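Coordinates in review
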Amino acid sequence: MEPSLLPIDILDAQQGFPEALAACKDLDGLMRLKGVYIGREGSHSARLMELLKAASKERKRELGGAINVLKNAWEEALKARQSELEAARRQLATFGNTWDPDLPPPIPARGAMHPLNQLIDRLVDVFRPLGYHVEEGPEIETEAHNFDGLNIPADHPARGSADTFYFEKYPELLLRTHTSPVQVRTLLRLAPHIQEKGGIRFLAPGRVYRKDEIDPTHSPMFHQVEGMLVGHDIGMHHLKGTLAYAMKALFGPAAEVRFRPSYFPFVEPGCEVDVRCPLCGGSGCRVCKQSGWVELLGAGLVHPNVLAYAGIDSNIWSGFAFGMGVERIAMMVSQTPDLRLFFENDQRFLKTMGGLD
Ligand code: FA5
């Protein structure tokens, strides 16, 4: 006669499961235990099902139900233990072997805004009381916005592939080399409303790209904050007053700033603004290249051709514009001798930059 299933077999199979489960200390062991109790072949549940085959109809119904209850209980218990072991493994990965459940939990490191973004926010705060709002433009630009609309001639060296990143498949597109194309975009958009608004003034912060060699004051990707004001009878005195106010707000009332004549095709006249090197106090160092001064920005009075490109009559309207190098200003404000520190994400450096001021 075939061996038939008896309730005692079920009781037998049940024996030892709670202890075996409690003794299971890792996921591999748990998987083995799962095989022993509820695996497809050779497990306790498979053996019970095999024995059930030989039972009478009534016994099958009765004992089959009992086997199912038992199997479900095993499954539930194994699943619960698996979650516990997985949680313990995650805990170990996060806290290592030294985790002691009796200790108070470690305080996770707090995130903070990157120092360059802090500075950009501060620059916006400096200009907001003067009526400037924030404009944005894309980092992938057209030649029209990056060069044509800014009166940059077709043969200007900045347009060459030695200075500018172009896209192989889309030759009319490039990574903007400065934030000045936002001048063109904003003038085009606001030109129809310039009369009712009585003028235009805005800041445009963002990333720019150039094929510049990396050194303590140059990076192929850096940030600029563009500023522009268009109104009536705007002259160099307005530009100088505005920038002197901004530089003193950033560097303190004792900051020494100088304006140097310079050339940009989209302004006339143009200038560059330097600050007395805060790293050496002006005596000469690697950062200021022994000159005692560090260049922070380019600026000037908006060229009539830039206004004309956007359909603005330069007989009625005039303006000034400037483009500030954010990393340069950050270096000077925080006395950091190398702008690469702003991109390396070394926590030890970033932590010293908490408030930038
Ligand atoms: C310009 O980019 C002009 N668009 C600025 C301007 C705007 C002039 C409006 C007139 C009117 P320039 O190439 O000089 O100018 O760059 C401006 C500032 O960006 C520099 O003064 C410097 O502070 C910073 N800068 C330039 N190249 C780099 C670089 N490779 N890495 C970090 N900062 C840079």
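Residues numbered from 1 in each chain as written. Predicted model: local features only at pLDDT ≥ 70, side-chain atom pairs only at ≥ 80, totals over all residues. Heavy atoms only, no water.

Regarding the site of the ligand
Going by this rule: Proximity criterion: a residue is near a molecule or strand once any of its heavy atoms comes within 4 Å of it. Any N or O atom pair separated by 3.5 Å or less is treated as a polar contact, with the protein-specific requirement of one donor-capable and one acceptor-capable atom, and with residues adjacent in sequence counted only for side-chain atom pairs. For accessible areas, the Shrake-Rupley method is used with a probe of radius 1.4 Å. Any residue's cover is judged against the shown protein chains and nothing else. Only protein atoms enter the calculation, which uses a 1 Å grid: trapped sets of points that fit a 1.4 Å probe without letting it out are cavities, open sets showing protein on both sides within 12 Å along at least five of seven lines are pockets, and any residue with an atom within 4 Å of a point is a lining residue. In this description, a molecule resides in a pocket or cavity if more than half of its atoms sit within 2 Å of the grid points defining it. Helix and strand definitions here come from DSSP, where helices need a minimum of 4 consecutive H or I residues and strands a minimum of 2 consecutive E residues; each element is numbered from the N-terminal end. Side-chain classes follow a simple rule in which Ala, Val, Leu, Ile, Met, Phe, Trp, Tyr, Cys and Pro form the nonpolar group, Asp, Glu, Lys and Arg form the charged group, and the remainder, Gly included, forms the polar group.
Around the ligand sit 26 residues, and of these His-178, Ser-180, Arg-210, Asp-212 and Glu-295 come closest. Between the ligand and Ser-180, the relevant distance is 2.9 Å, taken from a nitrogen atom to a side-chain nitrogen or oxygen of the residue. One of the side-chain N or O atoms of Glu-295 is found 2.6 Å from an oxygen atom in the ligand. Contact with the protein chains covers 95% of the free accessible surface of the ligand, which is 680 Å². Given that more than half its atoms are within 2 Å of the pocket grid, the ligand belongs to the largest pocket. With five residues, strand β8 (residues 293–302) is the largest single contributor of residues to the shell around the ligand. Along the lines of polarity and charge, the residues of the shell around the ligand split into 10 nonpolar, 10 polar and six charged.

Quick notes on the pairing of strand β6 (residues 257–262)
For clarity, the threshold we go by: Here a strand pair is declared whenever DSSP counts at least two bridges between the two strands.
Direction of pairing for β6 relative to strand β7 (residues 267–276): antiparallel, over a ladder of six bridges. Among the inter-strand pairings, Val-257 is bridged to a residue of β7, identified as Val-275. In sequence, β6 turns back onto β7 through a hairpin of four residues.

Let's talk about the sheet that holds β7
Strands belonging to one sheet form pairs held by backbone hydrogen bonds; the direction of such a pair is parallel or antiparallel. Rule in force here: Should any heavy atoms of two residues lie within 4.5 Å, those residues are considered in contact. Where helices are involved, their axes are fitted lines through C-alpha atoms of the stretch in contact, as for all axes, and angles between N-to-C directions lie from 0 to 180°.
The mixed open sheet is built from seven strands, whose spatial order is β1-β4-β5-β9-β8-β7-β6. Looking along the sheet, the strands with just one partner apiece sit at the ends: β1 (133–134) and β6. Of the pairings in the sheet, the one linking strand β5 (residues 221–231) to strand β9 (residues 318–325) comprises eight bridges and is antiparallel in character. Paired with Met-228 across the strands is Ala-321, a residue of β9. On the sheet, helix α8 (residues 181–190) packs against β4 (200–209), β5 and β9 and is oriented at approximately 145 degrees with respect to β4.

A word on the packing of helix α4 (residues 44–52) against helix α5 (residues 57–95)
We count it as follows: We call two directions roughly parallel when the angle between them is under 35 degrees, roughly antiparallel when it is over 145, roughly perpendicular when it lies between 65 and 115, and oblique otherwise.
Interhelical geometry of α4 versus α5 gives an angle of 175 degrees and a closest axis separation of 10 Å. Of the possible angle classes, the one that applies to α4 and α5 is roughly antiparallel. Contacts from His-44, Ser-45, Leu-48, Met-49 and Leu-52 in α4 reach Arg-59, Lys-60, Leu-63, Gly-64, Ile-67, Leu-70, Lys-71 and Trp-74 in α5. Looking at the contact of α4 with α5, its residues break down into seven nonpolar, three polar and three charged.

Re the pattern of salt bridges
Side chains that differ in charge, positive against negative, can pair when their charged atoms come close. To be explicit about the condition: Only one rule defines a salt bridge in this text: a Lys or Arg side-chain nitrogen within 4 Å of an Asp or Glu carboxyl oxygen. The buried label applies to any residue whose accessible area, calculated with a 1.4 Å probe on protein chains only, is under 20% of its type's maximum; exposed applies above 50%, and partly exposed to all values in between.
Counted by the stated rule, this structure contains 14 salt bridges. Note that Glu-139 and Arg-207 form a salt bridge whose closest N and O atoms lie 3.4 Å from each other. Of this pair, Glu-139 sits in the loop between β1 and β2 (140–142) while Arg-207 sits in strand β4, and the two are 68 residues apart along the sequence. With a relative accessible area of 37%, Arg-207 lands in the partly exposed category. Put simply, Asp-274 and Arg-260 hold a salt bridge, and the shortest N to O gap is 2.7 Å. Placement of the pair is Asp-274 in strand β7 and Arg-260 in strand β6, with a sequence separation of 14 residues.

Quick look at the nonpolar core
The following threshold applies: To qualify as a nonpolar core, a set must consist of buried Ala, Val, Leu, Ile, Met, Phe, Trp, Tyr and Cys residues joined through side-chain atoms within 4.5 Å.
With 46 residues, the main nonpolar core has Phe-251, Leu-297, Phe-322 and Met-324 as its most contacted residues. Counting residues per element, this core draws most heavily on helix α6 (residues 115–127), which supplies seven residues. Once residues within four sequence positions are removed from consideration, Leu-297 is found in contact with Leu-243, Met-247, Cys-271, Glu-272, Val-273, Phe-322, Gly-323 and Met-324. One finds Ile-152, Leu-187, Val-302 and Ala-310 within the second-largest nonpolar core, a separate group that totals 24 residues.

Considerations on the layout of surface pockets
Threshold: Grid points are joined across faces, edges and corners, and a volume is the space filled by probe spheres set on the points.
There is about 970 Å³ of room inside the largest pocket. Along its surface, the largest pocket is lined by 47 residues, and Arg-210, Gln-224, Phe-264, Glu-272 and Glu-295 are the ones closest to its centre. Put simply, the parts of the chain that give the lining of the largest pocket at least two residues each are β5, β7, β8, β9 and α12 (326–334). Top element by residues in the lining of the largest pocket is β8. It accounts for eight residues. Of the residues in the lining of the largest pocket, the class split is 21 nonpolar, 16 polar and 10 charged. Of the voids in this model, the second largest pocket is the one considered here, and its volume is about 310 Å³. Lining the second largest pocket we find 13 residues, and of these Arg-110, Ala-112, Gln-347, Leu-350 and Lys-351 sit closest to its centre. Elements with a contribution of two residues or more to the lining of the second largest pocket: α6 and α13 (347–352). For the lining of the second largest pocket, the per-class residue count stands at six nonpolar, five polar and two charged.

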